[in-house]
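Here are the chains, one letter per residue:
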Amino acid sequence: MTDEPAAPPSFEPLPEDWQSALCVVAHPDDIEYGAAAAVARWTAQGKRVVYCMVTSGEAGIDGIHPDECGPLREAEEIASARAVGVEDVVFLRLPDGVLEYGVGLRRAIAEVVRRERPDIAITINFRETFGGSNLNQADHIAVGKALLDAVRDAGNRWVFPEQLTDGLEPWGGVSAVWAGGSPRSTHAADVTDTFDAGVASLKEHRAYIEGLGWEGWDPEEFLDGILRAGGQGLGVTHASTFEVFPLGWG
Ligand SMILES: [Zn+2]
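As a starting point, this report considers the structure included with it.

Here is what the cut-offs are and how they apply
Residues numbered from 1 in each chain as written. Predicted model: local features only at pLDDT ≥ 70, side-chain atom pairs only at ≥ 80, totals over all residues. Heavy atoms only, no water. Phe/Tyr/Trp six-rings, centres within 6.5 Å; stacked < 30°, edge-to-face > 60°. Helix = DSSP H or I, 4+ residues; strand = E, 2+ residues; numbered from the N terminus. Buried < 20%, exposed > 50% of the residue type's maximum accessible area, 1.4 Å probe, protein only. Lys NZ or Arg CZ within 6 Å of the ring centre and 35° of its normal. Disulfide = S-S within 2.5 Å. Contact = heavy atoms within 4.5 Å. Donors = N, O, S within 2.8 Å, 3.2 Å for Na, K, Ca; no water. Salt bridge = Lys/Arg side-chain N within 4 Å of Asp/Glu carboxyl O.

Next up on the list: the packing of aromatic side chains. Within the structure shown, the criterion is met by 10 aromatic pairs. Taking the centre distance of 5.9 Å and the plane angle of 80 degrees together, the rings of Trp 18 and Trp 178 count as edge-to-face. Of this pair, Trp 18 sits in the loop between β1 (12-13) and β2 (20-25) while Trp 178 sits in strand β6 (residues 176-180); the two residues are 160 residues apart in sequence, bridging distant segments of the chain. Trp 18 sits in the buried class, given a relative accessible area of 4%. We note Lys 47 situated over the ring of Trp 18; from NZ or CZ to the ring centre the distance is 4.8 Å. The ring of Tyr 101 has Lys 145 lying over it, and the distance from NZ or CZ to the ring centre is 4.5 Å.

Here is the structure:
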């Protein structure tokens, strides 16, 4: 035992020898709390990134009925994606707040993986907590677990074979799943140059941020806190952190 404070975590840079990524998350705004600044870095390098929202976040604003809220949040997410160079946002429109991990969710995600054929799949933290005692949300956990399975399902022609029509083929090319903001992050991306784009993407969630009713909450200050902590572990000003789940054997 020693009284010295624990050393800050030390992150390895994420590999960048890939061409396309698919980000699969439960809600509009999930990517924007840290990972979007990394997306901006990658799209600036010429990589293709596609977003897939499993729900439209329609149950996310207490004062707005889901029928009105869903389209509003979809529009905000599309604007948010544009702010970091992402042109394509897919909405699966499964029910917000009550996603269940299981075959149905795996099937829905596997179909998108087969269509988009990404090298890398990205989601947000799906561990039980965000570190400490801050509990994670059920939809995030369901989507992350289902994504890990779905990228393997997508490569097996005998799993969800009914999807393989009209030229859709199996896709087993996803080499890893990366989970942004995981308390078990081992890797990070330097986002010092794309921090502003990350802030701009978060600010596009105007109705949502207003709906939270957090007096004086500043998106820039908030992201600065998160990404500066990541930067410390990478030796840069700002960094987005990720837990890496390699696929395949070896
Ligand atoms: Zn969420």
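Text resumes after the structure shown.
Overall, the coordinates contain zero disulfides when judged by the stated rule. No disulfide involves Cys 23; its sulfur sits 9.8 Å from that of Cys 52, the nearest cysteine. Of the residues examined, Cys 23 reaches a relative accessible area of 1% and is grouped as buried. In this structure Cys 69 is a free cysteine whose sulfur lies 18 Å from that of Cys 52, the closest cysteine sulfur available. The exposure class assigned to Cys 69 is buried, which follows from its relative accessible area of 0%.

Moving on, we get to the environment of Thr 237. Inspection of the secondary structure assignment puts Thr 237 in the loop between α7 (219-234) and β8 (239-246). C-alpha separation for the pair Thr 237 and Phe 195, spaced 42 residues apart in sequence, amounts to 9.6 Å. Not counting chain neighbours up to four residues away, the residues in contact with Thr 237 comprise Thr 192, Leu 227, Arg 228 and Gly 231.

What follows deals with the coordination of the zinc ion. Each pair of donors in an ideal octahedron of six around a metal sits at 90 or 180 degrees, and each pair in an ideal tetrahedron of four sits at 109.5 degrees. Coordination of the zinc ion by the protein comes from His 27 (ND1), Asp 30 (OD) and His 140 (NE2), over a distance range of 2.0 to 2.1 Å. In primary sequence terms, the donor set of the zinc ion follows H-x2-D-x109-H. Residue Asp 30 is found in the loop between β2 and α1 (35-44), and its partner His 140 is found in helix α4 (residues 138-153); the two are separated by 110 residues along the sequence. His 140 matches Asp 30 in its accessibility class, with the two residues each being buried.

Turning next to the pattern of salt bridges. In this structure the tally under the stated criterion is 13 salt bridges. For the salt bridge of Arg 41 with Glu 16, the shortest nitrogen-to-oxygen distance reads 2.6 Å. One end of the pair, Arg 41, is in helix α1; the other, Glu 16, is in the loop between β1 and β2, with 25 residues separating them in the sequence. Residue Glu 16 is classed as partly exposed on the basis of its relative accessible area, which comes to 27%. The partner of Arg 48 in a salt bridge is Asp 88, and the shortest N-O contact between them spans 2.9 Å. In this pair, Arg 48 sits in strand β3 (residues 48-53) while Asp 88 sits in strand β4 (residues 88-91), placing the two residues 40 residues apart along the sequence.

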